[in-house]
Amino acid sequence: QIKNLEEQFEARIARDEKIEPKDWMPEKYRKTHIRQMSQHAHSEIIGMLPEGNWITRAPSLRRKVALLAKVQDEAGHGLYLYSATETLGISRDEMYEQLHSGKAKYSSIFNYPTITWADMGAIGWLVDGAAIINQVPLCNTSYGPYARAMIRVCKEESFHQRQGYEIMIKLANGTPEQKEMAQDALNRWWWPSLMMLGPTDDVSVHTAQSMKWKLKRKSNDDLRQQFIDQTVPQAELIGLTIPDPDLKWNEEKGCYDFGEINWDEFWQVVKGHGPMNKERMKARVGAWERGEWVRDAAMVHAEKKQERKQK
Ligand code: ACO
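Numbering of residues starts from 1 in every chain and runs along the sequence as written. Thresholds applied to this predicted model are a pLDDT of at least 70 for local features of residues and 80 or more for the giving and counting of side-chain atom pairs; totals over whole chains, interfaces and linings are not thresholded and use all residues. To obtain the side-chain values, all non-hydrogen atoms of the structure were used and water was disregarded.

Colleague: Provide a residue-level description of unusual backbone geometry, including the pertinent values.
Modeller: Positioned with a positive phi, D16 is a non-glycine residue whose angle comes to about 65°. Within the fold, D16 resides in the loop between α1 (2-14) and α2 (27-46). Taking relative accessible area as the criterion, D16 reaches 46% and is therefore assigned partly exposed. Backbone geometry places K214, a non-glycine residue, at a positive phi of 60°. Each helix is a run of DSSP H or I of at least 4 residues and each strand a run of E of at least 2, with the numbering of both proceeding from the N terminus. Working definition: with a 1.4 Å probe on protein chains only, accessible area under 20% of the residue-type maximum means buried, over 50% means exposed, and in between means partly exposed.

Here it is in structure tokens:
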């Protein structure tokens, strides 16, 4: 009978039908979605930290408002994604426990420090730019709640990308020191942004199956190439130089050739040994612990309200 169910399931995927929470699904499909979606949610939550570092030091009220809004959006994306993941039968407490105990992964990119204001520009431009390229295909993913969450998330990501690029335009056209600051941020964020899109296809353990299930619609290498081809002209437009001496337009292939990515660095960061992994976890776990009394008070308040209603 399972075989029959599995055949029906595969046929639905082939017809591009969305799979919904109450539908039958193979256990591996469920697990792999929990893995990717919860990692995605954790990335949004941890992703607030590098930028949160600059909210109090934004150079103008306008910049501060935009940065605050962006960081709040990220919290929203995280909560949205946790809710979507809960529909697969894992509780939010379990996901938090996995993150806080260091068992769960989150995106490598958020383990780099934000040293100058230009990093806010580079993150919006490059990190959110890469995130959009990765997430637009996910609007078409086979699991309904994930696909729907991604539609809204992508709209907000596009505002994030533009606010970052606008910061870079301003700095690149500013004083020599400001331009230098923008170039320095590009130099530091370029390679980690390429790594963020995941290991190369030949070592990506999940891609083949995830493509079959239409969880992933494009491979890591295809997304990386798309990101590079899209971003290089944007750098040129504002007079910044991509820190890759091997970067070259390939007329025949119609895309850029690029230099060797330092995959050792990537795996070190993924394994917890990046420049900021420890600080990020400490900040996250600290915030969770400091917020305990708020959660307890909210629960007691909800219970009292319920009791009053019943009287
Ligand atoms: N950072 C940390 N871990 C990573 C990264 C990364 N940038 N890329 C891949 N990995 C991990 C995978 O999670 C996997 O580990 P696991 O088996 O323990 O789960 C392992 O490396 C092998 O990689 P893949 O087989 O390529 O994994 P997958 O098919 O899941 O592809 C990808 C990775 C592209 C990140 C995919 O999961 C994805 O598209 N996720 C949704 C988007 C997302 O999470 N974005 C987060 C950052 S965007 C933002 O928050 C602004």
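Colleague: Outline the nonpolar core, listing residues and values.
Modeller: Definition of nonpolar core: a set of buried residues of the types Ala, Val, Leu, Ile, Met, Phe, Trp, Tyr and Cys, connected through side-chain atoms within 4.5 Å. W189 and W190 are the most contacted members of the largest nonpolar core, which totals 74 residues. By the convention used here, residues are in contact when the closest approach between their heavy atoms is within 4.5 Å. Leave out the neighbours within four places in its chain, and W190 touches L126, F227, I228, T231, I242, P243 and D244.

Colleague: Please provide a residue-by-residue account of the site of the ligand, values included.
Modeller: Inspection of the region around the ligand gives 30 residues, with Q39, K105, S204, H206 and K216 positioned closest. Separating an oxygen atom of the ligand from a side-chain N or O atom of R35 is a distance of 2.9 Å. Identification of polar contacts relies on pairs of N or O atoms within 3.5 Å, with a donor-acceptor requirement for protein atoms, meaning one able to donate a hydrogen and the other able to accept it, and with residues adjacent in sequence counted only if both atoms are side-chain atoms. Here an oxygen atom of the ligand and a side-chain polar atom of S204 are 2.7 Å apart. Note on areas: Shrake-Rupley, 1.4 Å probe, and residue coverage restricted to the protein chains presented here. For the ligand, the accessible surface in isolation is 960 Å², of which the surrounding protein chains cover 90%. Nearness is judged by heavy atoms alone; a residue qualifies as near a molecule or strand once a single heavy atom is within 4 Å of it.

Colleague: So what's going on with the layout of surface pockets? Which residues, and what values?
Modeller: When its volume is computed, the largest pocket comes out at roughly 1000 Å³. Around the largest pocket sit 41 residues that line it, and Q39, N134, M196, L197 and G198 are the ones nearest its centre. Mapped onto the lining of the largest pocket, the elements with two or more residues apiece are α2, α6 (118-135), α7 (144-172), α8 (176-196), α10 (220-237) and α11 (263-273). Taken together, the residues of the lining of the largest pocket sort by class into 18 nonpolar, 14 polar and 9 charged. Taken together, G102, A104, K105, Y106, S108, N111, V269, V270, K271, G272, N277 and M281 make up the full set of residues lining the second largest pocket. Elements supplying a minimum of two residues to the lining of the second largest pocket: α11 and α12 (277-290). Per-element tally for the lining of the second largest pocket: the top contributor is α11, with 4 residues. For the lining of the second largest pocket, the per-class residue count stands at 5 nonpolar, 5 polar and 2 charged. Throughout, the protein atoms alone are placed on a 1 Å grid, and a set of points is a cavity if a 1.4 Å probe fits but cannot get out or a pocket if it is open with protein on both sides within 12 Å along at least five of seven lines; lining residues have an atom within 4 Å of a point. Grid points are joined across faces, edges and corners, and a volume is the space filled by probe spheres set on the points. Charged means Asp, Glu, Lys or Arg here, nonpolar means Ala, Val, Leu, Ile, Met, Phe, Trp, Tyr, Cys or Pro, and polar covers whatever is left, Gly included.

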